[in-house]
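Breakdown of the fold
The chain contents come next:
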Amino acid sequence: MLSVKEIKEQIIHAVQTVRRTNPLAGSITNSVTINFVANAQLAVGGSAAMMYFPDEGEFLARAGGATYINVGTLLPIYEQTLPHTAKVLYEVGKPWVLDPVAVGIGSLRTKLLQQFKEYKPTIIRGNASEILALAGLWGLDGGTAMSNVRGVDSTDSVSSAKAAAVALARFTGGAVAVSGETDLITDGYVVAVSYGGSHFMERITGAGCSLGGVIAVYATVALPFIAALTGTAVYNLAGSRAEKKVDGPGSFQVQFLDELYKASAEEIADNPFEVEE
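Scope of this entry: the structure provided in the associated data block. (Residues numbered from 1 in each chain as written. Predicted model: local features only at pLDDT ≥ 70, side-chain atom pairs only at ≥ 80, totals over all residues. Heavy atoms only, no water.)

Counting its regular elements, the protein contains eleven helices and nine strands. Taking 19 Å as the expected radius of gyration for a compact globule of 277 residues, we find that the protein reaches 17 Å, a close match to that expectation. For the protein, the C-alpha atoms occupy an extent of roughly 45 × 40 × 35 Å along the three principal directions. Every one of the 277 residues in the protein was classed for burial, and the buried ones make up 55%. Taking the intrachain contacts of the protein between residues at least 6 apart in sequence as the baseline, contacts between residues at least 24 apart amount to 71%. With an accessible surface of roughly 11,100 Å², the protein has 52% of that area assigned to carbon and sulfur atoms. Taking the 20 positively charged and 27 negatively charged side chains of the protein as two groups, their mean positions are separated by 2 Å. (Helix = DSSP H or I, 4+ residues; strand = E, 2+ residues; numbered from the N terminus. Rg over C-alpha atoms; globule rule 2.2 N^0.38 Å. Buried < 20%, exposed > 50% of the residue type's maximum accessible area, 1.4 Å probe, protein only. Contact = heavy atoms within 4.5 Å. Areas by Shrake-Rupley, 256 points an atom, 1.4 Å probe, with all protein chains shown as cover. Lys, Arg positive; Asp, Glu negative; His and termini not counted. Charge placed at Lys NZ, Arg CZ, Asp CG, Glu CD.)

Moving on, we come to the nonpolar core. Counting residues in hydrophobic clusters, the biggest one holds 54 residues, and the most contacted among them are Y218, Y235, F256 and L260. At the level of elements, helix 1 (4-21), helix 2 (34-43), strand 3 (66-70), strand 6 (175-179), helix 8 (207-219), helix 9 (224-243), helix 10 (249-262) and helix 11 (265-270) are the ones that each hand at least two residues to this core. A total of eleven residues in this core trace back to one element, the largest contributor, which is helix 9. If we ignore the near neighbours within four places in the chain, the residues touching F256 are F36, M201, Y235, A238, G239 and A242. Counting 39 residues, the second-largest nonpolar core is a separate cluster that includes M51, Y119, W138 and V158. (Core = buried A, V, L, I, M, F, W, Y, C linked by side-chain atoms within 4.5 Å.)

As a further point, take helix 7 (residues 162-172). Every buried residue belonging to helix 7 is among A164, A165, V166, A167, L168, A169 and T172, and all of these are buried. Those residues of helix 7 that are buried are in contact with strand 5 (123-127), helix 6 (128-137), strand 6, strand 7 (183-186) and strand 8 (191-194).

This brings us to the environment of N271. With respect to the helices and strands, N271 occurs in the loop between helix 11 and strand 9 (273-276). Separated by 38 residues in sequence, N271 and A233 place their C-alpha atoms 6.0 Å apart. For N271, the contacting residues outside a window of four places in its chain are S194, Y195, A233, N236 and L237.

Turning next to the side chain of N70. Turning to its location among the elements, N70 is positioned in strand 3. A polar atom in the side chain of N70 sits 2.7 Å from the backbone nitrogen of G72. Setting aside anything within four residues of it in sequence, one finds N70 in contact with I28, T29, N30, D99, V101 and C209. (Polar contact = N/O pair within 3.5 Å; in protein donor to acceptor, adjacent residues only side chain to side chain.)

Strand order in the open sheet formed by nine strands is 2-1-3-4-5-6-7-8-9, with mixed pairing between adjacent strands. The open sheet terminates on both sides in strands that have one partner only, identified here as strand 2 (47-50) and strand 9. Put simply, the sheet's adjacent strands are angled 20° from each other on average, direction ignored. In this structure, strand 8 lies alongside strand 9, joined through four bridges in antiparallel fashion. (Pairing = 2+ DSSP bridges. Axes fitted to C-alpha atoms, helices over the stretch in contact; angles between N-to-C directions.)

For N22, which is not glycine, the phi torsion reads 50° and is therefore positive. Residue N22 is classed as partly exposed on the basis of its relative accessible area, which comes to 42%. Located in the positive-phi region is K120, a residue other than glycine, with phi close to 40°. Take K120: it is sitting in the loop between helix 5 (107-119) and strand 5.

Below you can see the structure in the form of structure tokens.
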């Protein structure tokens, strides 16, 4: 098990490496949040590319450092694009981040998320209800087929999804990040809880989606657990800092991107978190 000091050192290394190398993390993401996802990836030092078609997905799966797949707003072409891209990523051994937005709603989304089980996402990021439902869909411990998913919102607590997150991470061999008032990150053996953020994150579109994209950026240079924790830490730091400077969600979104850009590697590593086995 890594010590807190070692985790912080790896976070610093991940942040510095991303800013030095400008790695590409492609995305197939929620059409409501494409702009915010791309801007957040750019703000932390990554390079963004948005994809729609199967050949684009395959090209960037092979050429990019990591890929972010979000099932929030599905287009008909995604029935081909998403499983094909995930399959290529799995076969070539490239990291990818799955955001199971609104899992359980609609037959196509359910079919796609069931297919993803075979391709073992490197990191899964979702709210508590989504993590519970995905574990249930995949038949894993801690999951439930009757989670309280309400569109993109969660009605379950982060702590209630701990067992499901651990089971998902152990199954994939990667990491899971559960987003909420406090955030839980696990590799299936170590659990970290990250603090910070802002209530304004619930009043803008794309806070969670863009976090998935940023985690994909860090996944190009770091192990899954460190990538998920680093992305979560910079979001919690930037969110708490931005909240102090604004008085509404519109200005918060702009200030939040600025704070993502300005946060130093050491400041990100020092954002409060606790680790347990």
